[in-house]
Amino acid sequence: MLDIFAYLNCSHSPTVEDAWQLPGHTQPDGYTDIEFWTNLAELLEDGGFRGMFFADAYNVANNYQGEIAPTVRRGEQLPENDPLPLLSALAAVTDRIGLVATASTSLYPPYLLAKKLSTIDDLTDGRVGWNIVTSAGQLEFENVVGEYIPHDERYEQADEFMQVCYALWEESWAEGAVLQDAATETFADPNSVSFINHDGPVYNVPGPHMCAPTPQRTPVLFQAGQSDSGRAFAARHAEAVFSFHLSSAEFRSYASEMRAETRAIDRGRDQYRLYPAVTPYVGSTTAAAEQFHQSVIETIAPETGLVRLSNHLNHDYSQYDTDAQLKSINAEGIRGALQAFLTDDRRWTVGEAAVRYARYPTAELIGTPSMVADKLEQWMEAGADGFMFMAPAVPRTFQAVCAKLVPELRARGHLPSEASDTTQQQTLREQLFGTARLPDSHVERGDRQY
């Protein structure tokens, strides 16, 4: 069965920054309103979505033209609130849908983040996922840790960060440590709670973890890694890997590379799932879908894409002629953002890539439910286990997916025919892999006994 996730953020627009001008896009006013989010969560759960995935960033970027004015003017991921506090409210009105939030290994201390995610795993009955990022923006580092960390070094640090988190989540508390034994006046067994005593190149964390074992212990691990370092990190750690590609052929190559990376460290294909991002434009007729797609393109100002491309790559694209060919650079930012264009069959100019990147480098699937389902099947044949659905207009895009596309996918046997029995609630990991806990076969757990 397919897994479909909604790509979101706690800002005015998750996909197209200029979409605040579009009809059917109420997120610019709704993102600060709890009822907007709870209504959306109920729509997505009832409509067959496996999860809500929240992207996040940590700075008002000044990469384009060396100032913040273009970022502010274009609303490039700005203003933006933190998704972590929102997840508990969404859990209160839903029973099944997974709730995934982004948090940076470069900016959070591991002990603090481990506690926050454990808390949310408890409050969501084990439906939390963590999208692991290493961050990229210059100001992100200046605001939080003071000194910029280069790309490959960020991933080395992230590896150690994960080791700390695994130890806190999986080793610090034994099963059954909480006794609540009135006869012995013992709330928890002291012999079942231990220090982790991590002493590494970057982190010194004695522990113990403050949270008792939660339904999943370790949240479901999401990661988007398309650079060499990012892909290697995903192969070691991620249970859910999402990625950006302009074509299914490009994704097929990426899926093959991921299989090679995971085979090299003895991870089976059943231990992770691949979720390419796609943008569906679903209409009752082809003309209606194409008309909406065209209206989205017409709202985009080229500068918006240049600002986003500059901010994500940590590189100023105002220095290039928009008619110049887009070329490889030694970017310290999100390198996968550039790879989607460089590995495409088309030769992109800077200006063309900017307008395209203003709506993310994803395949745009335009047409009737049957046409879009046909295209999704091509991606499935290329290796997709599900999809991260990008939405130009919220809730309009998701309403169309739930009302039109999901019934078509159900009729083809790609989604369950109806919602699962809510009397048997499952954790997110159980829904994806059939087990609530990170399996012993996970390479980062090895043969440890917990």
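What counts, and at which threshold
Residues numbered from 1 in each chain as written. Predicted model: local features only at pLDDT ≥ 70, side-chain atom pairs only at ≥ 80, totals over all residues. Heavy atoms only, no water. Phe/Tyr/Trp six-rings, centres within 6.5 Å; stacked < 30°, edge-to-face > 60°. Helix = DSSP H or I, 4+ residues; strand = E, 2+ residues; numbered from the N terminus. Buried < 20%, exposed > 50% of the residue type's maximum accessible area, 1.4 Å probe, protein only. Lys NZ or Arg CZ within 6 Å of the ring centre and 35° of its normal. Salt bridge = Lys/Arg side-chain N within 4 Å of Asp/Glu carboxyl O. Contact = heavy atoms within 4.5 Å.

**Student:** What am I meant to see in the packing of aromatic side chains here?
**Tutor:** To describe a pair of aromatic rings, you give the distance between the ring centres and the angle between the ring planes. All told, the structure shown has 25 aromatic pairs when counted by the stated rule. Relative to Phe222, the ring of Phe5 lies with its centre 5.5 Å away and its plane at 75°, an arrangement referred to as edge-to-face. Of the two residues, Phe5 is situated in strand E1 (residues 3-9) and Phe222 in strand E9 (residues 220-223); the sequence distance between them amounts to 217 residues. Both residues of the pair, Phe5 and Phe222, count as buried. Both rings, one in Phe53 and one in Phe222, keep their centres 6.1 Å apart while their planes meet at 50°; by these two values the pair is tilted. Residue Phe53 is located in strand E2 (residues 51-55), and its partner Phe222 is located in strand E9; the two are separated by 169 residues in the primary sequence. The buried category is assigned to Phe53, whose relative accessible area is 0%. Here the aromatic cluster, defined as three or more aromatic residues joined through ring pairs, consists of Phe5, Tyr7, Phe53, Phe222, Phe242, Phe244, Tyr275, Phe341, Trp348, Tyr357 and Tyr360. Above the face of the Phe292 ring, Arg396 is positioned so that its terminal group lies 3.8 Å from the ring centre.

**Student:** In this structure, what is going on with the pattern of salt bridges? I would like to understand it.
**Tutor:** Side chains that differ in charge, positive against negative, can pair when their charged atoms come close. All chains considered together, the criterion is met by 21 salt bridges. Among the salt bridges present, the one from Arg236 reaches Asp159, with a minimum N-O distance of 2.5 Å. Placement of Arg236 in helix H8 (residues 228-237) and of Asp159 in helix H7 (residues 151-171) is noted, with a sequence separation of 77 residues between them. Here Glu408 ties to Arg412 by a salt bridge, and the two come within 2.8 Å at their closest N and O atoms. Take Glu408: its relative accessible area is 23%, and that puts it in the partly exposed class. A network of salt bridges, in which partner residues are shared, links Asp228, Arg231, Glu257 and Glu261.

**Student:** Looking at this structure, I do not really get the side chain of Asp3. What am I missing?
**Tutor:** With respect to the helices, strands and loops of the structure, Asp3 is situated in strand E1. Contacts of Asp3, omitting those with residues within four sequence positions, involve Arg50, Arg273, Tyr275, Asp385, Gly386, Phe387 and Leu432.

**Student:** How should I be thinking about unusual backbone geometry in this particular structure?
**Tutor:** Excluding glycine, residues mostly have negative phi values, and the peptide bonds linking residues are mostly trans. With omega at -10°, the peptide bond leading from Leu78 into Pro79 counts as cis. Here Pro79 lies in the loop between helix H3 (69-74) and helix H4 (84-92). Residue Pro208 is reached from Gly207 by a cis peptide bond, and omega for that bond is -10°. Assignment of secondary structure puts Pro208 in the loop between strand E8 (204-205) and E9. Positive phi, close to 65°, is recorded for Gln65, a residue that is not glycine. In this fold, Gln65 is placed in the loop between E2 and H3. Despite not being glycine, Arg217 shows a phi value in the positive range, around 60°.

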